[in-house]
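The lines below spell out each chain.
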Amino acid sequence: MSDLHIYNSLTRQKEKFEPITPNHVGMYVCGPTVSGESHLGHARPYITFDVVYRYLLHLGYKVRYVRNITDAGHFEEEGRVAEDKVAEKAKLEMLEPMELVHKYTNLFHWGMHLFNTLDPSIEPTATGHIIEQIAMIEDIIQKGFAYEVNGSVYFDVKKYADAYPYGKLSGRIMDDLLETTRDLEGQDEKRNKVDFALWKSAPPQHIMRWKSPWGEGFPGWHIECSAMASKYLGETFDIHGGGMDLQFPHHESEIAQSTIAHGHAPVRYWMHNNMITINGKKMGKSYNNVIKLTELFSGNHPILEQAYHPMVVRFYILQTHYRSTLDFSNEALQASEKALKRLWEAYEVLKSLTEEKCTQSFFNMLSGAINNEIAESYDENTILTDIHNQISKSNINLSSSSDTFKRIRMIVEQNKNLVEEKNRTLINLQCIINCLECKEFMDDDLNTAKVIANLFDLTPTINSIKGGQLNIEVICKETLLLIKDTFKTYLEDILGLQGLQAQQSDTLDKVLSLLIEMRKDARTRKDWATSDQIRIKLAEAGVLLKDGKDGSVSYTIE
RNA sequence: GGUCGGGUGGCCGAGUGGCUAGGCAGAGCUCUGCAAAAGCUUCCACAGCGGUUCGAAUCCGCUCUCGACCUCCA
């Protein structure tokens, strides 16, 4: 169905993506712990996997995308005292735990919508699945891989590791773990330091508590994902995503639990996004360098020089491959802001171009080219003829992996000088390459950076048509349609980007049109003082006027 | 300390055994009443030292250096 290849953290290599059930994909992504406000760090995985989700949908898969809300709060696993983060925070803020969790869940959704992420198909909460978690724990106990001590239940990692490849996902070695894990007090309950809690007994003052076969308590951090993923996606599902920092111990534990409960590994493809860093350091509470989304969008943070539009942040994230670290800086964000504006304005221009003036069809142009333009001087007649024979008369629908496409690429590479000379055939071929390659790049482990680069490659062509440097007749009808389709598909549908323009109002538009007319009059009269004053005053108000070559004037609002 | 991953032009960032993305900034030019916008041109980098190779920034080794995980974290 597709040539999509994704990097599988489990095997540490790119693999061809083949869903378990043809045409259907099950994807689970670890969601946020809603014990506090979402921050810039949260933006990365949810935007990354939003693009994965959008791309799978684009490829025609029926996708069930499950992303949980952790509202039960984890305890400090290795800590001395069982602590529930939600319960602690609720006490601090004088809120009911559920009230607190609801508040931050809403804030999370608010941020995700501003980032234009699509809602997951199911967004299950940990507190809503206590029964499933208890059932899974009981199952694991029954199978002999978990044990109860004083109302808490621990997973027997050592026993598991004897039979299964524990540590495969995160590259851990059992013996190292046994030696390295910090020696903390209060661990007497565990048989081994590497064991992790499935259920934790709640001390009397603890607010969030549920009845269980082992007394009142609350679930361990890892079990919720396993329980909910298997409930909604089945015992084995296609993709599990999350941040790299979750690889160990969270995802490793998920594998262990599910493997025992179901008798086999839960996930086919593990995908992990890299971290966002600030001045080279990971953003995290422990580093005191967290920028909350509310601060990011308002600019209200010591590190921030200005407010950043959610789309700028999204674009900034997608300009980097998801497995690379991404270092935050004002300079980089500001560069992204300008870049996105330029790209989006080109897209607006593109939408305004109509193919009526593209008199020549690609098919006919190629016919002509075979006999004169380039084939004559470069002995590529056969190749062009071959392309000619393979493309349809009304549509350019080539796979980037087809031989024909490879030949197109070859011709263009061999005739780069002619592209510069504005050779009609080569300009069209170059545009087609830029468009068709986008799929190739997405298929190669979601290389959004390259997709964006190709869209930028098309930008001068689009702007040249508007600016008059390039006659639209040079571009074939099919080429223009393909470019339009590529921008719509990749920029909007797959990358999920939007323009930065403030909401337009008719009233404002009429007012500005009036001012623009007045300025035009002034210019006709060569009354430069008036025309400049209008331009300058509008600029001060955040409205930038752009004079087109044909006398038309457009504006953008800051 | 253990495990893993990086070091790319002024900045951000793709990628590749030879044809060397893209963005932002800078410079020059075209257009413009002047600007802005747009277009064109330019700026040819891959931590250091060895090695493999006809050829390495890309493969191997060592050194320096940064980071991640090993503890809640996206």
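Residues numbered from 1 in each chain as written. Chains lettered and ligands numbered in written order. Predicted model: local features only at pLDDT ≥ 70, side-chain atom pairs only at ≥ 80, totals over all residues. Heavy atoms only, no water.

### A word on the state of the cysteines
Here is the rule: Note on disulfides: each one is a pair of cysteine sulfur atoms within 2.5 Å. Exposed residues in this analysis have more than 50% of their type's maximum accessible area, buried residues have under 20%, and partly exposed residues fall in between, with area computed by a 1.4 Å probe over protein chains only.
This model, assessed by the stated rule, comprises zero disulfides. With no disulfide partner, cysteine 431 has as its closest neighbouring cysteine sulfur the one in cysteine 435, 6.6 Å distant. There is no disulfide at cysteine 435, and the cysteine sulfur nearest it, in cysteine 438, is 6.6 Å away. Residue class for cysteine 435 comes out buried when judged on its relative accessible area of 4%.

### What to know about the packing of aromatic side chains
Rule in force here: Classification of ring pairs uses Phe, Tyr and Trp, with its six-membered ring standing for Trp, and accepts pairs whose centres are within 6.5 Å; under 30 degrees between planes counts as stacked, over 60 as edge-to-face, and the remaining range as tilted. Two conditions define a charge sitting above a ring: the NZ of Lys or the CZ of Arg must be within 6 Å of the ring centre, and it must be within 35 degrees of the ring normal.
Considering all chains together, one arrives at 15 aromatic pairs under this definition. In textbook terms, an aromatic cluster arises when at least three aromatic residues are bridged by ring pairs, as seen for Phe155, Tyr160, Tyr164, Tyr166 and Phe196. Positioned over the ring face of tyrosine 7 is arginine 323, at 3.9 Å from the centre of the ring. Sitting over the ring of tyrosine 322, arginine 323 keeps its end group 6.0 Å from the ring centre.

### Some points on the packing of helix α17 (residues 424-443) against helix α18 (residues 448-467)
Heads up, the condition is: Only the contacting stretch of a helix is used when fitting its axis, a line to C-alpha atoms as for every element, and angles between N-to-C directions run 0 to 180 degrees. Helix and strand labels come from DSSP, where a helix needs a run of H or I of at least four residues and a strand needs a run of E of at least two; each type is numbered from the N terminus. Note on angle classes: values under 35 degrees are labelled roughly parallel, values over 145 roughly antiparallel, values of 65 to 115 roughly perpendicular, and the remainder oblique. The handedness criterion is simple: a crossing whose near helix is rotated anticlockwise from the far helix by less than a right angle is left-handed, and one whose near helix is rotated clockwise is right-handed. Whether two residues are in contact is decided by their heavy atoms, any of which lying within 4.5 Å being enough. Put simply, Ala, Val, Leu, Ile, Met, Phe, Trp, Tyr, Cys and Pro go in the nonpolar bin, Asp, Glu, Lys and Arg in the charged bin, and everything else, Gly too, in the polar bin.
Close contact between α17 and α18 brings their axes to 8 Å; oriented N to C, the two are set at 170°. The pairing of α17 with α18 is recorded here as roughly antiparallel in orientation. Here α17 and α18 pass one another in a crossing that is left-handed. Taking contact as the criterion, the partners of Cys431, Ile433, Asn434, Cys435, Glu437, Cys438, Phe441 and Met442 in α17 are, on α18, Thr448, Lys450, Val451, Asn454, Asp457, Leu458 and Thr461. Residue composition of the contact of α17 with α18, grouped by class: eight nonpolar, four polar and three charged.

### Things to note about the domain arrangement of chain A
Rules: An automatic or database domain assignment is the source of the domain bounds shown.
What the domain assignment reports for chain A is domain 1 (19-326), domain 2 (355-494) and domain 3 (506-557). With centres defined by C-alpha atoms, the gap from domain 1 to domain 3 works out at 53 Å.

### Regarding the pairing of strand β3 (residues 24-29)
Applicable threshold: Two strands are counted as paired when DSSP detects at least two bridges linking them.
The buried fraction of β3 is high, at five of six residues. Relative to strand β9 (residues 237-243), β3 runs parallel, the two sharing three bridges. Following the sheet pairing, methionine 27 is matched in β9 by isoleucine 239.

### Here we look at helix α11 (residues 330-352)
What counts here: By this rule, a helix spans an expected 1.5 Å times one less than how many residues it contains.
A rise of 1.5 Å per residue sets the reference length of α11, with its 23 residues, at 33 Å; its end C-alpha atoms lie 33 Å apart and thus fit the reference within 8%. When we look at burial in α11, the residues that qualify are Asn330, Leu333, Ser336, Glu337, Ala339, Leu340, Leu343, Trp344, Ala346, Tyr347, Val349 and Leu350.

### As for empty space enclosed by the protein
The line we're drawing: A cavity here means a set of 1 Å grid points, computed over protein atoms only, where a 1.4 Å probe fits but cannot escape. A pocket is an open set with protein on both sides within 12 Å along at least 5 of 7 lines, and lining residues have an atom within 4 Å of a point. Grid points are joined across faces, edges and corners, and a volume is the space filled by probe spheres set on the points.
Evaluated as defined, the whole model comprises five cavities of 30 Å³ or more. The computed volume of the largest cavity comes to approximately 70 Å³. Arg44, Thr48, Val51, Val52, Ile317, Leu318, Thr320, His321, Tyr322, Leu446 and Thr448 together form the lining of the largest cavity. Elements supplying a minimum of two residues to the lining of the largest cavity: α1 (40-58) and α10 (310-318). Top element by residues in the lining of the largest cavity is α1. It accounts for four residues. Taken together, the residues of the lining of the largest cavity sort by class into six nonpolar, four polar and one charged. Size it by volume and the second largest cavity reaches roughly 50 Å³. Along its surface, the second largest cavity is lined by Cys225, Ser226, Ala229, Ser230, Gly234, Glu235, Phe237, Glu254, Ser258 and Pro266. Those elements that provide at least two residues to the lining of the second largest cavity are α7 (223-233) and α8 (247-262). Examining the composition of the lining of the second largest cavity, we find that four residues originate from one element, α7, more than from any other. For the lining of the second largest cavity, the class distribution of residues is four nonpolar, four polar and two charged.

### Comments concerning the nonpolar core
The cut-off we apply is this: Among buried residues, the Ala, Val, Leu, Ile, Met, Phe, Trp, Tyr and Cys ones that are joined through side-chain atoms within 4.5 Å form a nonpolar core.
Of all hydrophobic cores here, the largest spans 111 residues; its most connected members are Leu296, Phe328, Leu446 and Phe487. For this core, the element with the highest residue contribution is α17, accounting for 11 residues. Residues from two domains meet in this core; each of domain 1 (19-326) and domain 2 (355-494) gives at least three. Not counting residues within four places of it along the chain, the set of residues in contact with leucine 296 comprises Leu40, Ile291, Leu304, Ala307, Tyr308, Val313 and Phe328.

### Here's the deal with the layout of surface pockets
For the second largest pocket, the calculated volume is near 660 Å³. Lining the second largest pocket are 24 residues; nearest its centre among them are Glu345, Val349, Lys546, Ser554 and Thr556. Taken together, the elements giving at least two residues each to the lining of the second largest pocket come down to α11, α18, β14 (543-547) and β15 (553-557). Sorting elements by how many residues they give to the lining of the second largest pocket places α11 first, with eight residues. Taken together, the residues of the lining of the second largest pocket break down into seven nonpolar, eight polar and nine charged.

### Considerations on the sheet that holds strand β12 (residues 281-282)
The mixed open sheet is built from three strands, whose spatial order is β12-β11-β13. Every interior strand has two partners, whereas the edge strands, β12 and β13 (326-328), have only one. Both strand β11 (residues 276-278) and β12 contribute to a ladder of two bridges, which runs antiparallel. Note on β12: the bridge partner recorded for isoleucine 278 is lysine 281.

### Some remarks on the environment of isoleucine 239
Note that isoleucine 239 resides in strand β9. Sequence separation of isoleucine 239 and valine 25 is 214 residues, and the distance between their C-alpha atoms is 7.8 Å. When neighbours within four sequence positions are excluded, isoleucine 239 is seen to be in contact with Ile6, Phe17, Val25, Gly26, Met27, Tyr28, Leu56, Val267, Tyr269 and Met271.

### Observations regarding the confidence of the model for chain A
Formally: Values of pLDDT, the confidence the predictor places in each residue, fall between 0 and 100.
In the predicted model, chain A carries a mean pLDDT of 88, and the fraction of residues at 70 or more is 92%. Per-element averaging of pLDDT across chain A places helix α13 (residues 375-378) at the bottom with 54 and strand β4 (residues 62-67) at the top with 98. Every residue in residues 75-82 scores below 50 in pLDDT, and together they form 25 contacts with partners more than four places removed in sequence or on other chains.

### Brief notes about the side chain of asparagine 8
Tracing the sequence through the fold places asparagine 8 in strand β1 (residues 5-8). Since its relative accessible area comes to 1%, asparagine 8 is described here as buried. Setting aside anything within four residues of it in sequence, one finds asparagine 8 in contact with Gln13, Glu15, Arg268, Tyr269 and Trp270.

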